[in-house]
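Now for the letters of each chain:
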Amino acid sequence: MDTQLQKVYDQVLRRNPGEVEFHQAVKEVFDSLGPVLRKRPEYVEGAVLSRICEPERQIIFRVPWVDDAGRVRINRGFRVEYSSVLGPYKGGLRFHPSVYLGIIKFLGFEQIFKNSLTGMPIGGAKGGADFDPHSASEAEVMRFCQSFMTELYRHLGEHTDVPAGDIGVGGREIGYLFGQYKRITNRHESGVLTGKGLTWGGSLVRTEATGYGVVYFVNEMMQEIGRSLEGARVAVSGSGNVAIYAIEKAQQLGATVVACSDSSGYVVDERGIDVELLKHVKEVERERIRCYADRRDSAVFSDRGSIWQVPVEVALPCATQNELREEDARALVANRVAVVAEGANMPCTPAATAVLQEAGVNFAPGKASNAGGVATSALEMQQNAARDSWGFAETDAKLQEIMHDIHDRCAGTAEEYGQPGNYILGANIAGFTKVADAVIAMGVV
Ligand code: NDP
């Protein structure tokens, strides 16, 4: 790492002790920025990096609620409003027991550059709570969401901060959160949350957008190397929102998705994942992935080894951070994987990414390849502002165009900096320079 960058990175380590995921996300971006700082000394003089690494505002709050047995339960809620230079704070909410400040800060930091790459006027933020919706009843989830919003609402607004979903926060949770916001404020302010239901301000394609967007991005990468998704074998980790729609779109484009997973294990289905059955098992029954294999003759469940040992040409990690490790990357390389694109945020460890890059695998970082979700959230905000709603085909066409542009922005920047095909470098530099220029333009605020 360049000495200027190392100085700021040391400062980040000192000021944010123990937040290992945040450190990892900062390092991943800084590792790309050396050439930019040499070209643009004003970024160093203006202390742009130190300013970007310090969130504009960090909110931590108590979330008290009462469970079905009448016991008082306490969780911790977070909203880290990172950067509003490009637009209102924008980024999802994650409800998962592993949530702590370091995870929210890594996600918020990534979000700044991802949102910048989309070309839409949105700043970066992330939030959530250490709450586990999987182990709560429907009524408990509702009470939790209401309590969470009772504190958070004062920090939100369509021009201020606009959350959406993430792990553990889907359409059901967004509904409860929006209902409580509306009740407290007495405003039907559609633009305050995205991922809403279609009858009350939601956008067509938002549900599908992250997964579809990943596959649109992969399609561009495949074309670049003279290959196609048609007939390709694909593995997708996870079986949540991102994974399900990545599987659906990959198969629509002629690929066969032979494996998917959840945190209990993975299934291999040589006939190709039956996406309707998967949706039923995961979204209607809210069951474990083993149930998919129980209902389909061609599928086998395993809770040993790793999904990444399955031979595929395209690997899409769509579950969670640091799920694809060095040994997984080695297995993929041994099986001659051609493309790895991150659907989740930071699913590949730094060691795994290094193995893939050294082996010449085409690799797309999440801040580029999974940006379709937040981009479509911004399209939802546009529809809300205009009190309009667009059709599926129109919105999907906009998503495709956005993913095409992100791809070209990353590929073009990598080429400009002498590293064609390096999507990590391209995404980090293209995302960063736009934010850095806006930081300088707005003075020391
Ligand atoms: P969901 O909660 O809908 O799904 C997450 C899935 O990942 C579940 O199937 C979960 O299984 C599985 N999972 C979690 N940990 C592991 C693990 N260690 N190994 C295998 N599977 C695991 O979340 P999303 O699909 O919304 O989000 C997935 C990722 O995509 C996250 O990193 C998120 O930040 C990112 N992302 C999401 C966007 C969105 O629009 N939703 C936008 C951009 C990025 P289980 O049920 O067992 O926990």
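Along every chain, residues carry numbers that run from 1 in the direction the sequence is written. pLDDT decides what is reported in this predicted model: residues at 70 or higher carry local features, side-chain atom pairs at 80 or more are listed and counted, and totals for whole chains, interfaces and linings draw on all residues regardless. The side-chain quantities take in all heavy atoms of the structure and omit both hydrogens and water.

K.L.:
Hey, could you run me through the site of the ligand in this one?
P.N.:
The near set for a molecule or strand comprises every residue that places at least one heavy atom within 4 Å of it. The environment of the ligand is formed by 24 residues, the closest being Asp166, Thr210, Ser263, Arg288 and Asn345. Methods summary: accessible areas were calculated by the Shrake-Rupley approach with a probe of 1.4 Å, and residue burial reflects only the protein chains presented. Protein chains bury 83% of the 890 Å² of accessible surface belonging to the ligand in isolation. At the level of secondary structure, the elements contributing two or more residues to the shell around the ligand comprise helix H8 (206-224), helix H9 (241-252) and strand S7 (256-262). Gly is put with the polar residues, along with every residue not named as nonpolar or charged; the nonpolar set is Ala, Val, Leu, Ile, Met, Phe, Trp, Tyr, Cys and Pro, and the charged set is Asp, Glu, Lys and Arg. Classifying every residue of the shell around the ligand by side-chain character gives 5 nonpolar, 13 polar and 6 charged. Either an automatic procedure or a domain database provided the assignment from which the domain bounds are taken. In this structure, the shell around the ligand is formed jointly by two domains, domain 2 (56-189) and domain 3 (209-360), each of which donates at least three residues. By definition, any uninterrupted DSSP run of H or I lasting at least four residues is a helix, any uninterrupted run of E lasting at least two residues is a strand, and each is numbered from the N terminus.

K.L.:
Would you mind going over the domain arrangement of the chain with me for this structure?
P.N.:
How big an interface is tends to be stated in terms of accessible area lost as the parts join. Domain annotation for the chain reports domain 1 (1-54 + 421-445), domain 2 (56-189) and domain 3 (209-360). Computed from C-alpha coordinates alone, the two centres of domain 1 and domain 3 are separated by 31 Å. Counting from both sides, the interface comprises 6 residues of domain 1 and, opposite them, 10 residues of domain 3. Summed over both partners, the interface of domain 1 with domain 3 buries about 590 Å², with 65% contributed by carbon and sulfur atoms. Looking only at domain 1, the three residues that lose the most surface to domain 3 are Gln24, Tyr423 and Ile424, adding up to 75% of its buried area. When a carboxyl oxygen of Asp or Glu is within 4 Å of a side-chain nitrogen of Lys or Arg, the pair counts as a salt bridge. If you look at where domain 1 meets domain 3, you find 0 salt bridges. Polar contacts, as counted here, are pairs of nitrogen or oxygen atoms within 3.5 Å of one another; within protein the pair requires one atom able to donate a hydrogen and one able to accept it, and residues that are adjacent in sequence qualify only if both atoms are side-chain atoms. If you look at where domain 1 meets domain 3, you find 2 residue pairs in polar contact (both at pLDDT 80 or more). Elements that contribute at least two residues to the side of domain 1 that touches domain 3 include exactly helix H2 (20-39) and helix H17 (423-441). Considering every element that reaches the side of domain 1 that touches domain 3, the biggest residue donor is H2, with 3 residues. Taken together, the residues of the side of domain 1 that touches domain 3 sort by class into 3 nonpolar, 2 polar and 1 charged. Whether two residues touch is decided by their heavy atoms; if any such pair falls within 4.5 Å, the residues are in contact. Defined in terms of a 1.4 Å probe, buried area is the accessible area two parts forfeit on being brought together, summed over both.

K.L.:
What is the right way to look at the environment of valine 80 in this model?
P.N.:
By the secondary structure assignment, valine 80 is in strand S2 (residues 72-83). Only protein chains enter the calculation, and the probe is 1.4 Å; a residue is then buried if its accessible area is under 20% of its type maximum, exposed if over 50%, and partly exposed in between. Note on valine 80: relative accessible area 0%, which makes it buried. Taking the C-alpha atoms as reference points, valine 80 and glycine 124, separated by 44 residues in sequence, lie 8.8 Å from one another. In this structure, valine 80 is in contact with Pro55, Arg57, Gln58, Leu101, Ile104, Lys105, Ala125 and Lys126, ignoring residues within four places of it in sequence.

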